[in-house]
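Structural description and commentary
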Amino acid sequence: MRILIVEDEPLLLEQLNTSLSNQGYAVDCASDGEEGLYQGSEYPYDLAIIDLGLPKIDGIEVIKRLRKLKKNFPILILTARDQWQEKVVGLDSGADDYLTKPFEMDELLARVKALLRRSVGMASASQTFGPLSLDLNAQSIGLNGEEVDLTAYEYKVMEYLLTHPHQVISKTVLTEHIYDQDYDRDSNVIEVFVRRLRLKIDPQGTILPIETLRGRGYRINPAIANG
Amino acid sequence: MASLLMLVFFSITAAILDSAFTNAAKTSVHEKMQLQILSLISSAEQQGHNLNVPTYQSETRFNEASSGLYGYVLDRAGKELWRSRSALLISPVTARPQLPGKHSFGLDDTHLGIELFVATYGTIEESNGKDYRYTFVVLQDNTSYKLSLVSYRESLWLWLSVVAILLLATQHILLSRGLRPLHDLAHHLKDIEDGHSESLSGNYPTELSRLTGNLNRLIDSERQQRQRYHQRLGDLAHSLKTPLAVISNAANEPTDELRTIVKEQSQRMNQIVRYQLQRAVVSQQVTSITKVNILEHATKIKQALDKVYKDKAVICHIHIDQKSIFQGDQGDLLEMLGNFMDNAYKYGAGEVKVSVVDTSDTVDFIIEDNGGGIDESQREKITQRGARLDTQEHGQGIGMAVVVDIINGYKGSITIDDSTLLGAKFTASFPKHHY
């Protein structure tokens, strides 16, 4: 999952970046409204965290313009002001949740997870797909109740595929959502991850969790996706 | 300004009176000279070809030399036939023969040192069937006329000046009496500015009492505001001291405990700062009263909360009439409803009801949820005003404290009951006419 943070306070931006990266998210940072708006409109994000008091273009305006550009990823507002007037204006402009500064990093991570989960239509943090189960909080994949031992990137690929069931996901899209923009992309890496995932989850080749659609991308096996 | 207008008015009046008097005096002189001409005519007698005019006239001034009144008779060609004894040295230079029945009146200033009025009258005498035309001329020295004019002008200006001075004095007295309350007001305001006085005291006329009342309220509200700021600042500083003391004392604690202490105390400090900030922003006394549509704002908050509590899928019923109006500050309404509804979404079990009952005296906001409700022993504590955060028990939100502040600012009241939804029921009642 790829997250955009727009925050003008360098220290807070760095803290957010570190915490979210540690959680396995691909993170891009912008330090003013203009840069944030550019990145938000150019790259496919799964979520954005936007501070309201930004230089150049203020946060509310950034959110409004992103929504106008049909960018539908969830947006979490950070605000130093604690009045309802401010919250209502922010949520009304198109944001999905707000957090008042100063905040606990755990609280922010919980909100981010909830928003991401909601955006892919999951009612709770864990969901089962036939013999497979996905736990967003624990960041783990289970097979018949047993946790599968995966690397961070293998998990990210599997999480993205499972949170977008019934969709064919191209290698490019997978790359974009798993890595931040500074990463030197090589789509072969995705092939390697998928091969390893198949081996780890289904060594006998009995459940075939990931389908390859030649020239288009990957998809969770519809039989599994339907539970 | 008024004095200037009065001066202009008096000048115009004087000019009109002067001109009227001059005209009247001239007419009077003319009429007298006419009579003198008539007396000359009646004394004259046509004898044959000659007109016989007695040397001595009944008007004695015709008989005395240089008396100031001079008589002449001219024939039809303008040749002088007779002149009175008084007129030895003065000739009727400007007099011209007149047609019978015609007369003229004018001024002759051709004589050195004197000005003379000239009146002429044309007559016709008949003798032996023959007509003889004559022009009777009377000259009169205008010195007495001038003297009367001068004396008239003197008395005119004297009295006009007296009247003007009286009027100006009256005007000054009236104005200074009428404006005295304003002078007093300025004086009292200066006293307040200098710190000698706290409010506008003294008796002001009815016309000004509204203004002074409003000024007193403004001054009072400003003073209260200042006091509140002082108090808030004091509260803030004092309430921050405890957590600061805890942190500074913890310097020697082992790292893990220090970390916990710093975290706890910084949370506490954050709570304190947030609370004081909120209270500083919320208008503790209503200063701006606008008509705010309640339904519109409640709907906005509902939409915002529906997003935030999307996972909880809260059903929120809003029973508010489209016409219901909150008279006050929009920010206050949003803050109060926001905190009430946020609590109901947070602590309720998925059902919230927001109603507004609009009576002739009050606007009542009723917020209910189907959560666990509030224990009776806690209710009074929540609705108490001004409890400082550092003295409040842990876990008590600042939202309700701010709501209570707002309600008190509008001289309203808040009660907590059990809802028919089985959870808590908050009723905030705002009087319509008392703020």
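With that out of the way, let us pick up the overall build of chain A. Counting secondary structure elements, chain A contains nine helices and 11 strands. In chain A, buried positions account for 36% of the 227 residues. Contacts in chain A between residues far apart in sequence, at least 24 positions, make up 56% of those at least 6 positions apart.

We now examine the overall build of chain B. Within chain B one finds eight helices and 14 strands. Per-residue burial for chain B yields a buried fraction of 23% across its 435 residues. Partitioning the contacts of chain B with sequence separation of at least 6, the portion at a separation of at least 24 is 58%.

A cis geometry characterises the amide bond from K101 of chain A onward to P102 of chain A, with omega recorded as -10°. Within the element layout of this structure, P102 of chain A appears in the loop between strand 5 (97–100) and helix 5 (105–119). The phi torsion at K70 of chain A lies on the positive side, around 65°, for a residue other than glycine. With respect to the secondary-structure elements, K70 of chain A resides in the loop between helix 3 (59–68) and strand 4 (75–79). A residue is classified by how many C-beta atoms lie within 10 Å of it, and K70 of chain A, with 7 of them, is exposed. Backbone geometry at S66 of chain B places phi at a positive 55°, although glycine is not the residue there. The residue S66 of chain B is located in the loop between strand 2 (50–52) and strand 3 (69–75) in this model.

As a further point, take the interface of chain B and chain A. Taken residue by residue, the interface counts 18 residues in chain B and 13 residues in chain A. The set of elements that each furnish at least two residues to the side of chain B that touches chain A consists of helix 4 (255–281), helix 5 (294–308) and helix 6 (330–347) of chain B. No other element matches the six residues that helix 5 of chain B contributes to the side of chain B that touches chain A. Residue classes in the side of chain B that touches chain A are distributed as six nonpolar, six polar and six charged.

Before going further, it helps to spend a moment on the pairing of strand 10 (residues 325–328) of chain B. Residue and element names in this part refer to chain B. The two faces of strand 10 differ: F326 and G328 on one face are buried, but I325 and Q327 on the other face are not. Of the strand pairs in this sheet, strand 8 (residues 290–293) and strand 10 are connected by four bridges, and their pairing is antiparallel. Within the sheet, the bridge partner assigned to T290 lies in strand 10 and is G328.

A word on the sheet that holds strand 9 (residues 315–319) of chain B. Residues and elements named next belong to chain B. An order of 9-11-12-14-13 is seen for the five strands of this open sheet, with the pairing classed as mixed. Two strands bound the open sheet, and with one partner strand each, they are strand 9 and strand 13 (413–418). The average angle at which neighbouring strand axes cross in this sheet is 15°, direction not considered. Relative to strand 14 (residues 424–431), strand 13 is paired through six bridges, and the arrangement is antiparallel. Note that in strand 14 the partner of I416 across the bridge is F426. Together, strand 9 and strand 11 (351–358) form the strand contacts of helix 5, whose direction differs from that of strand 9 by roughly 175°. Docked against the sheet, helix 6 engages strand 11, strand 12 (362–369) and strand 14, running at close to 20° with respect to strand 12.

All names here are of chain A. Read from one edge to the other, the open sheet built from five strands follows the order 2-1-3-4-5, with strand pairing classed as parallel. The two strands at the open ends of the sheet, each matched to only one other strand, are strand 2 (26–30) and strand 5. With direction set aside, neighbouring strand axes in the sheet form an average angle of 20°. Bridge count for strand 1 (residues 2–6) against strand 3 (residues 47–51) is four bridges, and the pairing is parallel. Residue pairing across strands places L4 opposite A48, the latter belonging to strand 3. Of the strands in this sheet, strand 1, strand 2 and strand 3 are in contact with helix 1 (residues 10–22), which crosses strand 2 at around 170°. In this fold helix 2 (residues 33–42) packs onto strand 1, strand 2 and strand 3, with an angle of close to 160° to the strand it touches most, strand 1.

The next thing to look at is the packing of helix 6 (residues 152–163) of chain A against helix 8 (residues 188–201) of chain A. Residues and elements named next belong to chain A. Where helix 6 contacts helix 8, the axes come no closer than 10 Å and their chain directions differ by 85°. As the angle between them shows, helix 6 and helix 8 are arranged roughly perpendicular. Residue-level contacts link Y153, E154, V157 and M158 of helix 6 to I190, F193, V194, R196 and L197 of helix 8. Among the residues forming the contact of helix 6 with helix 8, the class breakdown is seven nonpolar, no polar and two charged.

Counting 93 residues, the largest nonpolar core has I3, L47, I50, V157 and L161 of chain A together with I301 and M341 of chain B as its most contacted members. At eight residues, helix 6 of chain B tops the list of elements feeding residues into this core. If near-sequence neighbours (up to four positions away) are discounted, I50 of chain A is found in contact with V6, G36, G59, V62, I63, I75, I77 and L78 of chain A. Core analysis: the second largest hydrophobic core is formed by 22 residues, I37, F62, W82 and L116 of chain B among them.

Here the focus is helix 1 (residues 2–43) of chain B. For helix 1 of chain B, with 42 residues, the first-to-last C-alpha span of 62 Å sits near the 62 Å given by 1.5 Å per residue. Looking at the packing, one finds that the buried side of helix 1 of chain B touches strand 3, strand 6 (116–127) and strand 7 (130–141) of chain B.

Before going further, it helps to examine the confidence of the model for chain B. Residues and elements named next belong to chain B. In this model, chain B carries a mean pLDDT of 84, and residues with pLDDT of at least 70 account for 94%. Low pLDDT (under 50) marks residues 387–396, which in the prediction has 11 contacts with non-local residues, meaning those over four places away or in another chain. Taken over the whole predicted complex, pTM reads 0.59, whereas the ipTM for its chain interfaces reads 0.74.

Our focus in this paragraph is the packing of helix 4 (residues 84–92) of chain A against helix 6 of chain B. One can describe the packing of helix 4 of chain A onto helix 6 of chain B by two numbers: an axis separation of 8 Å at closest approach and a directional angle of 80°. Classified by the angle their axes make, helix 4 of chain A and helix 6 of chain B are roughly perpendicular. Of the residues in helix 6 of chain B, those touching helix 4 of chain A at W84, Q85, K87 and V88 of chain A are G331, L334, E335, G338 and N339 of chain B. Grouping the constituent residues of the contact of helix 4 of chain A with helix 6 of chain B by class yields three nonpolar, four polar and two charged.

For helix 8 of chain A, built from 14 residues, the straight-helix expectation of 20 Å at 1.5 Å per residue is met to within 8% by its first-to-last C-alpha distance of 20 Å. Considering only its buried residues, helix 8 of chain A is in contact with strand 8 (140–143), helix 6, helix 7 (171–178), strand 10 (210–213) and strand 11 (217–220) of chain A.

Calculation rules
Sequence order as written defines the numbering, with residues in each chain counted from 1. Numbering of ligands from 1 and lettering of chains from A proceed in the order in which they are written. A pLDDT threshold of at least 70 governs which residues receive local features in this predicted model, and a stricter bar of 80 or more applies before side-chain atom pairs are shown or counted, although totals over entire chains, interfaces and linings include all residues. Secondary structure elements are taken from DSSP: a helix is a run of H or I of four residues or more, a strand is a run of E of two residues or more, and numbering for both begins at the N terminus. Exposure classification rests on a simple neighbour count of other C-beta atoms within 10 Å of a residue's own: a residue reaching 20 or more is buried, one at 12 or fewer is exposed, and one in between is partly exposed. C-beta atoms are placed from the backbone. We call two residues in contact when their backbone-placed C-beta atoms lie within 7 Å. Only Asp, Glu, Lys and Arg are considered charged, only Ala, Val, Leu, Ile, Met, Phe, Trp, Tyr, Cys and Pro nonpolar, and every remaining residue, Gly among them, polar. Note on pairing: two strands pair once DSSP finds at least 2 bridges between them. Working convention: axes come from line fits to C-alpha atoms, limited for helices to the stretch in contact. Angles between N-to-C directions cover 0 to 180 degrees. Roughly parallel means an angle under 35 degrees; roughly antiparallel means over 145; roughly perpendicular covers 65 to 115; every other angle is labelled oblique. Buried Ala, Val, Leu, Ile, Met, Phe, Trp, Tyr and Cys residues form a nonpolar core when they are connected through C-beta atoms within 7 Å. Multiplying one less than the number of residues by 1.5 Å gives the expected span of a helix. For every residue, the predictor assigns a confidence score, pLDDT, that lies between 0 and 100.

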